[in-house]
Amino acid sequence: MLAYTLKRLLAGLVTVFFIATATFAAMHAVPGDPLMSGKARSAEIRRNLRVRYGLDKPVLVQYGVFLGNMAKGDFGISFTQQNRSVNDIIREHFKVSAVLGLVALAFATAGGILLGAVTARFRGRLADRSILFLVVLGISVPSFVFAALGQQVVLALNRWAGTTVLPVAGWGTVRHLLLPALALGLGTLAFLTRLMRSSLLEVVHQDWVRTARAKGLPPWRIFWSHQLRNAILPVVTLLGPALAAITTGGFVVESVFAIPGLGRYFVQAVQQLDYTVIMGLTVFYGAFLAFMVIVVDILYGFVDPRIRVAKEAA
Amino acid sequence: MRSRILTAALAASLLASAGCTGGEGARADAGAKVLRLAMTEEPPQLDSTRATDSVSIFVLGHVMEGLTRYGPEGDIVPGVAERWELGERRAVFHLRADARWEDGRPVTARDFVFAWRTAVDPKTASEYAFILYPVKNAEAVNGGRLPPSALGVRAPDDRTLEVELERPTGYFLGLTAFATYLPVREDFYRARPGRYAADAGDLLSNGPFRLTRWVHAASLTLERNPRYWDAAAVQLDRIEVPYFTSDPATRYNLFKDGKIDLTGLDKDLLGRAQADRFRMRSFTAGSIFYAEYNHRPDRPTSNLHLRKALRLVFDPVEYVSKVIGIPGTRPLYALIPSWVPGVERPFRKEHPVPPVRPDLDAARRELELARRELGGRIPPLVWLTQDDPFTAREAEYFQYLLSSRLGLALKIDKQTFKQRLAKMSAGDFDVVASGWGPDYADAMTFADLFASWNENNHGKWHDDRYDALIREAQATAEPRVRIEAMAEAERILLDAAALLPKSEAGSIYLVSPRLSGVVRHVVGPDPDYTRARLLD
Amino acid sequence: MSLPALSPGDFAPLSRGEVARGPSRPSLSYWRDAWLRLRRNRQALASLAVIALLLLATLLGPLAWRVDPGQTAMARTSERPRGWAALTVLAPLAPYQEVVVEPPPAAPAGAPLRAPEGLRLLGPATVEAVRLRWEPVPGAKGYLVYRSTSRPGGDYLGLPLGEVEGGNLVSFEDAFNLEPATWWYSVVAKDGAEGPPATLRVAVPAGIPLVEARTLDPAARPGDAVARPWRPLGTDALGRDILARLLSGGRISLFIGFTAPLLSILIGVLIGGVAGYFGGRLDQWLMRITDFVMALPFLLFMILFRVALGVGPGESGVGPMLVAMILLSWTGAARLTRGQVLQLREAEFVQAARLLGARPRYLLLRHLLPNTLGVILVSLTFAIPSAIFTEAFLSFIGMGVVPPTASWGSMCNDGIKTFLVYPHEFIAPAAIISVTVLAFNLLGDGLRDALDPRLRSVE
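Attention in this report is confined to the structure presented alongside it. Keep in mind that this is a model prediction, so the values were computed, not measured. (Residues numbered from 1 in each chain as written. Chains lettered and ligands numbered in written order. Predicted model: local features only at pLDDT ≥ 70, side-chain atom pairs only at ≥ 80, totals over all residues.)

**Some remarks on the overall build of chain B**
Step number 1: Helix and strand content of chain B: 17 helices and 19 strands.
Step number 2: Its C-alpha atoms give chain B a radius of gyration of 25 Å, within 12% of the compact-globule value 24 Å for 536 residues.
Step number 3: Buried residues in chain B amount to 52% of all 536 residues.
Step number 4: Across chain B, the fraction of contacts at a sequence separation of at least 24, relative to all contacts at a separation of at least 6, is 66%. (Helix = DSSP H or I, 4+ residues; strand = E, 2+ residues; numbered from the N terminus. Rg over C-alpha atoms; globule rule 2.2 N^0.38 Å. Buried ≥ 20, exposed ≤ 12 C-beta atoms within 10 Å, placed from the backbone. Contact = placed C-beta atoms within 7 Å.)

Structure below.
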């Protein structure tokens, strides 16, 4: 197991290296000067800037410098937030995104499993249909509509109560988390609900479930240790990438709720062609994702002992 | 079970480390006058020698003070300098004795010399270095041809600053209030290499407020600076910015919830503000919006008649009221907007231009001439634009306008910000939607936009008479000569339909009833809260 | 159950060439059985019908509803759905002349500004312009004009329309976005501070400007009644017909929303299936490639694709966009399928099949993939709205469909901003996306049930 894990970590590093290289190449292939801001300026000012940010050197040299710094864990200074290092940006804002993402994912997972179980149990009945209706609404209306509507509800609530029951936006207390986590987790919740329903429906007819029922086990025991355990694999599969995506992809929700998370940097950096931030975030995201995938693969074995990822690979 | 407890503990510790500590804290000092705001983003650069954007300049305008300040009527009033003598090629500023840094040491002329030298030093690579070019040798220093010490600014003693000018500059006094001209103290700057103004403790203030707390992208706190020489005039105890969001609807909701005291409205929020019955105010924002044509000879837009046809079919009044939809925005018919001063009265009052009314028949005649000169047919025009909702909507408005009225096809080329800039510089467009915000309150900030040497002349328009007139206006400080030259240059521009003027920006905003004394500036840090008051 | 009578002869071996007595029912192939069961599922059938209807509407709709979806009408922007109404053609507007009076007497020092007196209309109020006139206020340096949709009161005056710069200028023309409605105009004098308001209630009758009327009926004259074209779902911010845009936009949204998920999930299922089944080194390689693709910054690579595939300005980038979307979004399905296959390949029935000598291809296609179908179908139905919105986003950054082509996603994105003021601009596209997604979900459910090999024996 240990050897397998180490091997996977090594492979993860190689993947990250390829991600970094591809992104570096793509970034330089995209037209546009990251230092151009539309202010009046002479060729001299532009040259000064290129020297300051090291863009006057050949691309291959820049790549070498980048790799050297990356090995040291240093991603340089942001081009747009000119006084902040990319490391600082990731360090400070990832904490925020991680908290928000974990809460949103916890909400989505718990809700998804619960609603999935309900819909599978009452398949074709009113509960199933009405949850399906909500799910469809949840995925065909973008999350920021819910965010905006949520804000309206909170506004009305605060006005009615005459005090701040829930904050409209901002960051800092547990109360600030509620609405954004809900908006952020909604899409995943909908997906997990459907996924859970579908895979539960596949196991209800399996022999071992019938056996358990024949043995006279109480329904909750059957659900808990026979059906859920077998049906949860797709959820586990998605959890890793979903966590990575949810903690970094909350751009819109962060903007609507004025949350100092990492998500906004992913979009801004590309739009502003902020070379150092693009590279730093991509490598960070790639590494995070690779790590989550390893965790999930190891979890597989625990969730379903029949899966032997490690043995096959070793 | 154990795993569940572990998860809960993990979440709790993460919450704590991410600053979720509970409680709102800052309520301890009851009675303090605290202004709360939301900003679009956190200031990207508070080092005054390198700042370029409006958010940073807004913060700098509150924590720093230059030789002069922007007054309530857009005038220039004494700041650190209490008086000055302005000559053709020389200016002398006398600094007030009680100007202090926040640590109590006096602000001296050397602090200005250091800041200006730093700004033009090629190693600093300041984007706004060009704003110092009126100072002698600034351009040569910035180009690396002279050492920074050769810059034409001296401090014969602590309270006297002597500036030599490269050439007579009529608007030089207005520049001394600009962010790049703010002082920086050398020992403080050198003590934090590469970190000056990176955090709250790394910025040394000499203005009405000081930066006391800065949680990146989360909150910013400015506190009254008791050492400021005019501290008695500052009424606010603190300005807090607990929200950074680019979403105007969120800022509106925060205002409605009583969490912030001022917010701007975009077109989409005007209806809500009316339904909620807020008192709305409007002000002239100062920027102009226009379409630039590509004048390179291989482009159809290099044809005069085609450009005239486009101008005759476009109705700035309809555009302003229906497409922009923000009252206070004015139709633009020339290059210089209405607020710019002339010799005695506003420039536009001294040199009025008649509004251009759409005239379909005349437009079609011009188009026919253009078609003949362009060899029978006019290829589809490429309209370069950016990926934001307004410019996209505007491009579609023009697309239908040209196809339905003139039968001209318009290809909309939407690009992200940097790609659009790259295409503009490369001349890869026929028409591009442009805008320009003024750097100083003088017609020259607009007038030289189409000079052949200006990098913002993306369409490479070239006219020797225009260039000569701009040079003439730049070579003298005599107001009448300068204004006349610029007015003549503008006439040449309009006769050649070298650009398509669209609108002059206006803005609608809400102020909470308890806040008064907010000054809106066309040029410089806006809004200005330095003399604002809060009722209890 | 009664047993048929058996005789010893029934147990005699058949001789070669002799055909066994067939089963009592005709043999049903897997697919045929699935189809039969799908046909019995009313919900699935209804969904199928809805999808067919949507396709038909988007293919034939633009032929039936012949309104140009790109046609802007600045006189009727953001119009709510309304019935037909004939409008009176307005007389052409006389040129506006600013009213200038003798400078008002200077106010005694320190006296507060009064409210303007005699606020009245100057000429008729029409949807083209409302002109106001008032008497000068002593001490005023100028006047501010406000307009409100409700009676002003307290601090509230309405939209600040503009400013008259001069105490002796006592008129104002409002041409800002006028609609037939009742408006309250307020005028205040100012001299640094603002005085109290004078308010005038103005009812603007419906009407149609002559210039616009002539575009509908070249012979229209002032006073005639002219009917404007009907806009059953209202208009958007540029006055374009929302119904026409929905119909034409559906082509692109349904095409992208169907093709991209289908192809990307197909690729994902194949890669995931192969990785999961063969395991080992192949699995490791394929999954590392999946991680790699998943981590690439989507936006950056989309821009790169546009450059690499040479989509010129104003050219439709639907092809390249589709390629890019497929190449970058198969990863989720691959991971899901692999997970399922890993679990299934150790299942008893698969091991039994393997023992019986089934080849990998047969095992994968016949046993493993059909059993992962439920999960795959869920991914597929969820990929549809996500593709529709990805298309909208990509079109927004200039990669994808070019204006004036509409798509449901971009209509939705445009409508969201004014959702609270003009809900009709958002609800129409959002509703049709929801219906599409619901139909695909129900159809997916039906398909899942129909294709589930275990359910076969249950019925």
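Structure shown, so let's carry the discussion forward.
**Digging into the overall build of chain A**
Step number 1: Along the backbone of chain A there are 14 helices and zero strands.
Step number 2: What you see in chain A, going N to C, is helices and strands ordered as α-α-α-α-α-α-α-α-α-α-α-α-α-α.
Step number 3: Overall, the C-alpha framework of chain A stretches about 85 × 65 × 30 Å when taken along its three principal axes.
Step number 4: For chain A, the residues scored as buried account for 51% of the 314 residues in total.

**As for the sheet that holds strand β1 (residues 34-39) of chain B**
Adjacent strands of a sheet pair through backbone hydrogen bonds, lying either parallel or antiparallel.
All names here are of chain B.
Step number 1: Strand order across the open sheet formed by four strands is β1-β10-β9-β8, with mixed pairing between neighbours. Each of the sheet's edge strands pairs with one partner strand only, and the pair in question is β1 and β8 (209-215). Taken over all neighbouring pairs, the strand axes of this sheet differ in orientation by 20 degrees on average, direction set aside.
Step number 2: Note: β8 against strand β9 (residues 219-224), six bridges, orientation antiparallel. Considered in β9, the bridge of Leu211 is made with Leu222.
Step number 3: In the packing of helix α2 (residues 54-63) onto the sheet, the strands contacted are β1, β8, β9 and β10 (238-244), and the crossing angle to β8 comes to about 135 degrees. (Pairing = 2+ DSSP bridges. Axes fitted to C-alpha atoms, helices over the stretch in contact; angles between N-to-C directions.)

**A few points about the environment of Val187 of chain C**
Step number 1: When you line up the elements, Val187 of chain C lands in strand β7 (residues 182-190).
Step number 2: When near neighbours in sequence (up to four residues on either side) are disregarded, Val187 of chain C contacts Pro116, Leu119, Leu132, Trp134, Tyr143, Val145, Pro197 and Ala198 of chain C.

**Side note on the interface of chain A and chain C**
Step number 1: Taken together, the contacts link 49 residues of chain A with 41 residues of chain C.
Step number 2: Those elements giving two or more residues to the side of chain A that touches chain C turn out to be α1 (2-29), α5 (126-140), α6 (143-161), α7 (174-203), α10 (233-248), α12 (263-271), α13 (275-303) and α14 (309-313) of chain A.
Step number 3: With nine residues, the top contributor of residues to the side of chain A that touches chain C is α1 of chain A.
Step number 4: Of the residues in the side of chain A that touches chain C, the class split is 35 nonpolar, nine polar and five charged. (Nonpolar A, V, L, I, M, F, W, Y, C, P; charged D, E, K, R; others polar.)

**Thoughts on the nonpolar core**
Step number 1: Grouped together as the largest cluster of nonpolar side chains are 359 residues, with contacts concentrated most on Trp116 and Ala447 of chain B.
Step number 2: In terms of residue count, the dominant contributor to this core is helix α10 (residues 360-396) of chain C (17 residues).
Step number 3: With residues near it in sequence (within four places) discarded, Trp116 of chain B still touches Leu132, Val135, Leu151, Val153 and Tyr181 of chain B.
Step number 4: By size, the runner-up hydrophobic cluster in this structure holds five residues, among which are Leu87, Val89, Leu90 and Ala213 of chain C. (Core = buried A, V, L, I, M, F, W, Y, C linked by C-beta atoms within 7 Å.)

**A look at the interface of chain B and chain A**
Step number 1: Contacts between the two partners involve 50 residues from chain B, matched on the other side by 47 residues from chain A.
Step number 2: Listed by contribution, the elements that provide at least two residues to the side of chain B that touches chain A are α1 (2-17), β10, α7 (248-256) and α14 (417-426) of chain B.
Step number 3: Here the side of chain B that touches chain A is composed, by residue class, of 24 nonpolar, 16 polar and ten charged.

**A closer look at the sheet that holds strand β3 (residues 130-133) of chain C**
All names here are of chain C.
Step number 1: Strand order in the open sheet formed by three strands is β2-β3-β6, and the pairing between neighbours is antiparallel. The outermost strands of the open sheet, each flanked by one partner alone, are β2 (120-121) and β6 (171-174).
Step number 2: Relative to β6, β3 runs antiparallel, the two sharing four bridges. Considered in β6, the bridge of Val130 is made with Asp174.

**A closer look at α7 of chain A**
Helical geometry: 3.6 residues make up each α-helical turn, so side chains three or four residues apart lie on a common side.
Step number 1: Roughly 45 degrees is the biggest bend found in α7 of chain A, and it falls at Leu186 of chain A.
Step number 2: Along α7 of chain A, 26 of the 30 residues are buried, which leaves the element largely enclosed by surrounding structure. (Bend = angle between axes of the 7 residues up to and from the residue.)

**A word on unusual backbone geometry**
Residues and elements named next belong to chain B.
Step number 1: The amide bond that connects Asp526 to the next residue, Pro527, takes the cis arrangement and shows omega of -10 degrees.
Step number 2: As for its placement among the helices and strands, Pro527 is situated in the loop between β18 (515-516) and β19 (533-534).
Step number 3: For Arg277, which is not glycine, the phi torsion reads 55 degrees and is therefore positive.
Step number 4: Examined against the element boundaries, Arg277 turns out to sit in the loop between α8 (267-275) and β12 (280-293).
Step number 5: For Arg277, a count of 17 C-beta atoms within 10 Å translates into the label partly exposed.

**Some thoughts on the environment of Gly444 of chain C**
Step number 1: Inspection of the secondary structure puts Gly444 of chain C in helix α12 (residues 423-451).
Step number 2: Note: C-alpha distance between Gly444 of chain C and Phe298 of chain C (146 residues apart in sequence) is 28 Å.

**Some thoughts on helix α4 (residues 86-121) of chain A**
Step number 1: Over its 36 residues, α4 of chain A runs 49 Å from end to end, which matches the ideal 52 Å to within 8%, given 1.5 Å per residue.
Step number 2: Of all the bends found along α4 of chain A, the most pronounced is centred on Phe94 of chain A and spans about 30 degrees. (Expected span 1.5 Å × (residues − 1).)

**Brief notes about the packing of helix α6 (residues 298-308) of chain C against helix α7 (residues 318-328) of chain C**
All names here are of chain C.
Step number 1: Interaxial distance between α6 and α7 falls to 10 Å at its minimum, and their mutual angle equals 140 degrees. When the axes of α6 and α7 are compared, the crossing they make is right-handed. Where α6 approaches α7, its residues Phe298, Phe301, Met302, Phe305 and Arg306 are matched on the opposing element by Pro320, Ala324 and Leu328.
Step number 2: By residue class, the composition of the contact of α6 with α7 is seven nonpolar, no polar and one charged. (Left-handed = near helix turned anticlockwise from the far one by under 90°.)

**Things to note about the pairing of β7 of chain C**
Residue and element names in this part refer to chain C.
Step number 1: Note that strand β4 (residues 142-148) and β7 share seven bridges and pair antiparallel. Across the sheet, Leu144 pairs through a bridge with Val188, a residue of β7.
Step number 2: Strand direction decides the pairing type here: β7 and strand β8 (residues 194-203), joined by eight bridges, are antiparallel. If you follow Val187 over to β8, its bridge partner there is Ala198.

**Considerations on the pairing of strand β17 (residues 499-511) of chain B**
Look at any regular strand and the pattern is simple: side chains alternate between the two faces of the sheet.
Residue and element names in this part refer to chain B.
Step number 1: Most of β17 is tucked away: eleven of the 13 residues are buried.
Step number 2: The pairing of strand β11 (residues 262-265) with β17 spans four bridges and is antiparallel. The partner of Leu265 across the bridge, within β17, is Ile508.
Step number 3: Where β12 and β17 come together, ten bridges link them in antiparallel fashion. Note that in β17 the partner of Arg281 across the bridge is Tyr509.

**Considering the packing of α5 of chain A against α7 of chain A**
All names here are of chain A.
Step number 1: Axis separation between α5 and α7 bottoms out at 9 Å; the angle between their running directions is 140 degrees. One finds that α5 runs oblique with respect to α7. Of the two possible hands of crossing, α5 and α7 adopt the one that is left-handed. When α5 is examined against α7, the residues Ile131, Val135, Gly138 and Ile139 are found in contact with a partner set consisting of Leu186, Gly187, Leu189, Ala190, Thr193 and Arg194.
Step number 2: Here the residues of the contact of α5 with α7 sort into six nonpolar, three polar and one charged. (Parallel < 35°, antiparallel > 145°, perpendicular 65-115°, else oblique.)

**Regarding the environment of Phe94 of chain A**
Step number 1: On the secondary structure map, Phe94 of chain A appears in helix α4.
Step number 2: For the pair formed by Phe94 of chain A and Gly261 of chain A, sequence separation is 167 residues and the distance between their alpha carbons is 6.4 Å.

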